[in-house]
Structure formats: structure tokens, C-alpha cells
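Chain residues, written in single-letter form:
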Amino acid sequence: MDYRARFLVDPLKKLSLADIDPDDTGDIDKEKAAELTATYLQRMEEDQFLLYADGRQSLLVVLQALDAAGKDGVIRHVFSAMNPQGTRVHGFKQPTPLEAAHDFLWRAHAQVPAAGEVVIFNRSHYEDVLVVRVHDLVPREVWSQRYETINAFERLLAENGTRVLKFFLHISPDEQLERFKKRLDDPRRHWKISESDYSERKFWPQYIEAYEEALVKTSTLTAPWYVIPSDHKWFRNLAVSQIIAETLEEMGLELPPTRVNIDEIKLHYHAAVKAANGNGNGNGKKTT
């Protein structure tokens, strides 16, 4: 199944998250999903190696969701396939005084991927059209103008070789409450609990409304949004991994040209081996 086509947000159509079932598993079972996910992770590993070696393009992955939808889980499971040397995660929390003293995109622009790099935003610049809207932190005339500013920002990234993928992890209120319960029942998860889990839950309808507008107004050809059903973690990981793997494969990644004369390097290598063997033990190791 083509999850890119199935879960893509069409900016020309009205989006109703109520019409997208967060319990959807695409008519696939957990065992088959695990097999397919492993295949996509392998492809991601291979393509990230090419991305890093190629050094001309980059990938930015934006993860947005209501609490407990699985942003950390996607990072832990899907991106485990990638080499940490070329992969970085940045989490966006409440702005620091320094960040708040700048325009709302300043802190995001400072964290975008360099050439050859993959960067994952755990929350993102979209908080400035979500949280600020729901809690009336800035006037409507301010946040309502930010959609086009965001589009221009992401267009700039695309023009400079950065592919942008944006995922909204769609979870149901009942599943969120079940995951809250698991946190309470498991002492190892107590560190993840905060009072805001429950205070923010009261604003569920307002967040849904804010997400629906933000996703439609900022889903573009160069920076598409995908709504991923996330009540089942295994299906969430499958859909995200397929979309990332297939996007990387479209980027035309390839190994860079050889920058040295291989024949000359071979001569240097054989000379080094000969010198090492001259130590008298035939295996390049000195005897004492």
C-alpha cells in the first residue's frame, strides 16, 4: 500500500481529522507490518549512508502530535536504523528568553540540517500556530499570518537542498488515556508524567481545530504533511518508515566521485605493507 498517497494532506481539500480513523491499520497485521518495517529500515540505513556521503542534500523530519501519540517512539524505533554520525534530534520546548527575543522561526532555523544530515524535530516551529493559538498567547492577527511565513521558510529550505517531511501522529482520546494509565502503572515511566498531560487534554477540540487549519495551509509539494493513524504503534512505525524510505530513494542519492588516484593509493598501500613486513615477522607487527 502506498502510504504517501493514502495519508497525504491535500491543501486543496478541507481536512477533518474526525474522518481519519486513528485505529486504522491498513488491512495489515502486526507480524506482516514488522517484516515490512524491517525492510524499510534497511533501505533507510542504506540511503542515509548515501545522503551523508553525497553531502549535497539533507532531510528534515517534523513530528507533531498531541501528548502520548508517540513522537519519542518514532524516534526510538524508526530512526534507530540511521547512523548517529549523520542524524540529529532536536526537541522544541517553551522558548527560552533568548529565543523569545527573536522572531518565532529563529530557533528553528538554527537547527535545520546541514548538507548530508538528517534532523528530526520533536515538536517544531508549528507550536507557534498551535499552542499560541489554543492558549491565546498572541493575537489572532499575529498567528494567522504565520502560515505563509512558515511556507516561505520551508520553501527556502527546499531551494537549498533540504527535503521536508511532516508527520502528524493521529491518536484517539481513549488511546491517549490508556497510555497515560500505562505511565502511571509503570514506575519506569513516571518521569514522563506531567500535570500538563491532563490540563492540555481539556483543550483537545481546540487543538484538533488548530491542527486541521495548520496542516491544510502548510502542506505543500516541497514540504508535505501526512496524518498517520497512531493508535497502533507498529502501524505508525510502518507508515512513517515507508514514507521516509521512499522519499530518500527519490532524492537521487549517489556516492561522490573518487577524489584520489586509486592506482597511486594502491602503490602507497603495497609499499606500506612491504615496509611493515620488513620488521621480520611477515604480518606487519613488530617483534620485541
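Note: the structure precedes this text.
Everything numeric here is computed off the predicted structure, so don't read it as measured data.

Draft legend 1. Layout of the sheet that holds strand E2 (residues 87-91). The 5 strands are arranged E2-E3-E1-E4-E5 in an open sheet whose pairing can be described as parallel. The strands lining the two open edges of the sheet, one partner per strand, are E2 and strand E5 (225-229). Sheet twist, expressed as the mean angle between neighbouring strand axes with direction ignored, is 20°. Sheet topology places strand E1 (residues 58-65) next to strand E3 (residues 118-122); 5 bridges connect them, and they run parallel. Each bridged residue has a counterpart across the sheet, and for Val 61 the counterpart in E3 is Ile 120. Running over the sheet, helix H12 (residues 233-249) touches E1, strand E4 (162-170) and E5 and is turned about 165° from E4.

Draft legend 2. Geometry of the nonpolar core. Among the nonpolar cores identified, the biggest contains 73 residues, and Met 44, Phe 79, Phe 167, Ile 228 and Ile 244 are the most heavily contacted of them. When neighbours within four sequence positions are excluded, Ile 244 is seen to be in contact with Met 44, Leu 59, Val 61, Val 78, Phe 79, Met 82, Leu 165 and Phe 167.

Draft legend 3. Summary view of unusual backbone geometry. One non-glycine residue, Ala 68, lies in positive phi territory at about 75°. Tracing the chain through its elements places Ala 68 in the loop between E1 and helix H3 (71-77). For Ala 68, a relative accessible area of 12% puts it in the buried group. Not every positive phi belongs to a glycine, and Asp 136 is a case in point at roughly 55°. Tracing the chain through its elements places Asp 136 in the loop between helix H6 (131-134) and helix H7 (140-143).

Draft legend 4. Here's a closer look at the pairing of E3. Summarising burial for E3: 5 of the 5 residues are buried, a large majority. Burial of the side chains of E3 extends over both faces: Val 118, Ile 120 and Asn 122 are buried on one face and Val 119 and Phe 121 on the other. Pairing geometry for E2 and E3, over 5 bridges, is parallel. Looking at the pairing, Gly 91 lines up with Asn 122 of E3.

Draft legend 5. Representation of helix H13 (residues 262-277) in the model. Helix length check: H13 (16 residues) gives 22 Å between terminal C-alpha atoms against 22 Å at 1.5 Å per residue, within 8%. A side-chain oxygen of the first residue of H13 lies 3.0 Å from the backbone nitrogen of Asp 263; this N-cap is Asn 261.

Draft legend 6. Focus on the pattern of salt bridges. Within this structure, the stated rule accounts for 23 salt bridges. Among the salt bridges present, the one from Asp 72 reaches Lys 192, with a minimum N-O distance of 3.9 Å. One end of the pair, Asp 72, is in helix H3; the other, Lys 192, is in the loop between helix H9 (173-185) and helix H10 (196-201), with 120 residues separating them in the sequence. Given the relative accessible area of 34%, Asp 72 is considered partly exposed. For Lys 192, a relative accessible area of 29% translates into the label partly exposed. In this structure, Arg 189 and Asp 186 form a salt bridge, with 3.4 Å as the shortest nitrogen-oxygen distance.

Draft legend 7. Quick look at the layout of surface pockets. As a volume, the largest pocket reaches approximately 1,500 Å³. Lining the largest pocket are 48 residues, and of these Asp 67, Lys 71, Lys 93, Asn 122 and Arg 123 sit closest to its centre. Within the residue set of the lining of the largest pocket, elements represented by two or more residues are H3, helix H4 (97-100), H6, H9, H10, helix H11 (204-218) and H12. Ranked by residue count, the leading element in the lining of the largest pocket is H3, at 5 residues.

Definitions and limits used
Residues numbered from 1 in each chain as written. Predicted model: local features only at pLDDT ≥ 70, side-chain atom pairs only at ≥ 80, totals over all residues. Heavy atoms only, no water. Pairing = 2+ DSSP bridges. Helix = DSSP H or I, 4+ residues; strand = E, 2+ residues; numbered from the N terminus. Axes fitted to C-alpha atoms, helices over the stretch in contact; angles between N-to-C directions. Contact = heavy atoms within 4.5 Å. Core = buried A, V, L, I, M, F, W, Y, C linked by side-chain atoms within 4.5 Å. Buried < 20%, exposed > 50% of the residue type's maximum accessible area, 1.4 Å probe, protein only. Expected span 1.5 Å × (residues − 1). Polar contact = N/O pair within 3.5 Å; in protein donor to acceptor, adjacent residues only side chain to side chain. Salt bridge = Lys/Arg side-chain N within 4 Å of Asp/Glu carboxyl O. 1 Å grid on protein atoms, 1.4 Å probe; cavity = no way out; pocket = protein on both sides within 12 Å on 5 of 7 lines; lining within 4 Å. Points joined across faces, edges and corners; volume = space filled by probe spheres on them.

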